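# Working through the structure, step by step
The primary structure of each chain is shown beneath.
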Amino acid sequence: SRRTRNITHFMQERLSTRVLDILRDMGRVAESLGYGAYVVGGFVRDLFLYRPNEDIDIVIEGDGIAFAKAYALEFGTRIHTHKAFGTAVVIYPDGFKIDVATARLEYYRSPAALPDVEMSSIKLDLFRRDFTINTLAIQLIPDKFGRLLDFFSAQKDIKDKAIRVLHNLSFVEDPTRVFRALRFEQRFGFTIGKLTAALIDNAVKMDFFKRLSGRRVFTEIRLILEEDNPVPAIVRMGDFDLLKVIHPTIVINKALIALLEEVRGVIAWHDLLFVETPCMRWTVYLMGLIHANDMATCHEICRRLELATRYEALFCQERAAADHCLQQMEHRLPASAGALYHRLHPFRAELILYMMAATRVKAVKKAISKYYTELRKIEPLIGGNELIALGLTPGPLFRQILDAILDAKLNGALATREDEIQFARRWAADAAATASQNTDDKQMS
Ligand code: ATP
């Protein structure tokens, strides 16, 4: 039957030998302890969607911690355990990690939505998950290796491209699932099922989210903003009237969507050019989302989401400063590369990207891009030691000389260290001449 389909060859086709070997080894260790073992959830879902996923979640019918210890002993891995939850993380020498959880009937309180029916512990574990598409499990015990368990029509919903909850109280149990529904819907190009959409409408109408801490809401919003392309999920949040969990003033309209698309373009540009230094993309999107709000409202939003003070400074004061700078630049472009540099140097990368996205003046966007790609990293090649070696005495003069070198470099002069030393020598000599000129002038008068 469909419920006991064996997908071993399917796994062999799509998984690395390393992962396959690990899964087989885990099945063997579990069996030696008399336990059941399954790989479950997102990993199995993504196997069916042909999406690479190395986040392996194992569920043990038995004692997950005892299992992890036995596995670690045999295979020389480290483990972290959480006794209270019966969970463990297996950590390989190269940093690869696998999560292990325990499924035990007596471990769970009977879920609200479940009348007194008997369920195997793995089935109950899967029943408590968010969406049907996340309820697939693959047996790992040697005799049954590769058998697929599909208690809740996950294969059908994957085929139908549908996001569905398992029961009507799902969002009552955990309102954060609403955000997860939108995130998965857009990530996979699925559609939230009719009943599930009605349950979301109800959750919004009854404002289930007021029970959630700001931190939990923020965590979910951040996950949405960190998706490859968060814009459709944000629009969907607007459809469901969910942006009010950030603030009631935020509404989706053409202008906001255009701004978010600009943010996306700028981030793509950034990630392409600066692979090594990824930016905090979620912050740039959130700046876009709240850009029309005044300072007081921005503070209110940050407090509601329980953001750390450094983020509050970024979203409020620093963003306001960036908006102000942008206004000035749109009024008049900085006259030189040096002036451009000094204007933009105070702002961190995320604010620079926000400014590039927010401006509607092409020349300003171009100037900011020039700053970011060409000017930002420019600095003198020489320092105080070289000035001392020239026979100069450390003091305020040093700062002046180094600033003058920076300005010359920003304007395209002084290619080499030697050029800079020459420049410093001349600068110091001129300064000395001016100084003695001044003394002469004084003596003459
Ligand atoms: P992602 O790629 O975003 O990590 P994932 O499906 O692997 O997606 P995780 O957040 O890592 O999701 O969660 C792992 C599994 O735990 C999921 O497959 C899901 O079944 C379950 N899960 C996570 N959060 C919830 C929740 N709020 N309610 C019920 N089940 C959840």
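Whatever comes next refers back to the structure up there.
Attention here is on the structure that accompanies the text. Small disclaimer: the values here were computed from a predicted structure and weren't measured.

Quick notes on the rules
Residues numbered from 1 in each chain as written. Predicted model: local features only at pLDDT ≥ 70, side-chain atom pairs only at ≥ 80, totals over all residues. Heavy atoms only, no water. Phe/Tyr/Trp six-rings, centres within 6.5 Å; stacked < 30°, edge-to-face > 60°. Helix = DSSP H or I, 4+ residues; strand = E, 2+ residues; numbered from the N terminus. Buried < 20%, exposed > 50% of the residue type's maximum accessible area, 1.4 Å probe, protein only. Lys NZ or Arg CZ within 6 Å of the ring centre and 35° of its normal. Contact = heavy atoms within 4.5 Å. Pairing = 2+ DSSP bridges. Polar contact = N/O pair within 3.5 Å; in protein donor to acceptor, adjacent residues only side chain to side chain. Salt bridge = Lys/Arg side-chain N within 4 Å of Asp/Glu carboxyl O. Axes fitted to C-alpha atoms, helices over the stretch in contact; angles between N-to-C directions. Parallel < 35°, antiparallel > 145°, perpendicular 65-115°, else oblique. Left-handed = near helix turned anticlockwise from the far one by under 90°. Nonpolar A, V, L, I, M, F, W, Y, C, P; charged D, E, K, R; others polar. Near = heavy atom within 4 Å.

## So, the packing of aromatic side chains
One pass over the full model with this rule turns up 18 aromatic pairs. Both rings, one in tyrosine 71 and one in tyrosine 92, keep their centres 6.3 Å apart while their planes meet at 75°; by these two values the pair is edge-to-face. Of this pair, tyrosine 71 sits in helix H4 (residues 64–75) while tyrosine 92 sits in the loop between strand E4 (87–91) and strand E5 (97–103), placing them 21 residues apart in sequence. Across this residue pair, the class does not change: tyrosine 71 and tyrosine 92 are buried. Chaining the aromatic ring pairs together yields one cluster made of Phe67, Tyr71, Phe75, Tyr92 and Phe96. The lysine or arginine in question, arginine 376, covers the ring of phenylalanine 274, its NZ or CZ lying 5.1 Å from the ring centre.

## Some thoughts on helix H14 (residues 295–304)
For H14, the full list of buried residues reads Thr297, Cys298, His299, Ile301 and Cys302. Turning to H14, the residues buried within the fold contact helix H15 (309–331). Phi turns positive one or two residues past the end of H14, at glutamate 306, with a value near 55°.

## Side note on the pairing of strand E1 (residues 36–40)
Most of E1 sits out of view: five of its five residues are buried. Examined bridge by bridge, E1 and strand E2 (residues 56–61) share five bridges and lie antiparallel to one another. Opposite valine 40, over in E2, you have aspartate 57 as the bridge partner. Here three bridges tie E1 to strand E6 (residues 137–139), and the two strands are oriented antiparallel to one another. Residue valine 40 lies in a different strand from E6, and its bridge partner there is alanine 137.

## Things to note about the side chain of asparagine 134
With respect to the helices, strands and loops of the structure, asparagine 134 is situated in the loop between helix H5 (121–127) and E6. A polar side-chain atom of asparagine 134 sits 2.7 Å from a polar atom in the side chain of arginine 45. Sequence-distant contacts of asparagine 134, defined by excluding residues within four places in its chain, comprise Gly41, Gly42, Arg45, Arg129, Arg180 and Phe184.

## Considering the pattern of salt bridges
Under the counting rule described, the total for this entry stands at 26 salt bridges. Here arginine 28 ties to aspartate 25 by a salt bridge, and the two come within 2.9 Å at their closest N and O atoms. Highlighted residues: arginine 28 and aspartate 25, both in helix H2 (residues 17–32), separated by three residues, approximately one helical turn. The class for arginine 28 is partly exposed, based on a relative accessible area of 47%. For the salt bridge of aspartate 239 with arginine 236, the shortest nitrogen-to-oxygen distance reads 3.6 Å. Note that aspartate 239 and arginine 236 are positioned in helix H11 (residues 231–239) at a spacing of three residues, about one turn of the helix. A cluster of three or more residues bridged by salt bridges with shared partners is formed by Arg183, Arg187 and Glu227.

## Topic: the packing of H15 against helix H17 (residues 349–358)
Here H15 crosses H17 at 50°, and the two axes come no closer than 10 Å. For the element pair H15 / H17, the angle class is oblique. In this structure, H15 meets H17 at a crossing whose hand is right-handed. When H15 is examined against H17, the residues Leu314, Glu318, Arg319, Ala322, Asp323, Cys325 and Leu326 are found in contact with a partner set consisting of Leu351, Tyr354, Met355 and Ala358. Partitioning the contact of H15 with H17 into residue classes produces eight nonpolar, no polar and three charged.

## Concerning the site of the ligand
Near the ligand there are 15 residues, and of these Arg45, Asp174, Arg177, Arg183 and Arg187 occur at the shortest range. At 3.2 Å from an oxygen atom of the ligand is found a main-chain nitrogen or oxygen belonging to glycine 42. If you list the elements that add at least two residues to the shell around the ligand, you get helix H3 (42–48) and helix H8 (176–188). With six residues, the top contributor of residues to the shell around the ligand is H8. Counted by class, the shell around the ligand contains one nonpolar, four polar and 10 charged residues.

## Remarks on unusual backbone geometry
Note: most peptide bonds trans; most residues except glycine with negative phi. Although it is not a glycine, aspartate 207 sits at a positive phi angle of roughly 50°. Note on placement: aspartate 207 falls in the loop between helix H9 (194–205) and helix H10 (214–225). Looking at aspartate 207, the relative accessible area reads 30%, which means it is partly exposed. One non-glycine residue, aspartate 241, adopts positive backbone phi at about 60°. Relative to the assigned elements, aspartate 241 resides in the loop between H11 and helix H12 (254–273).

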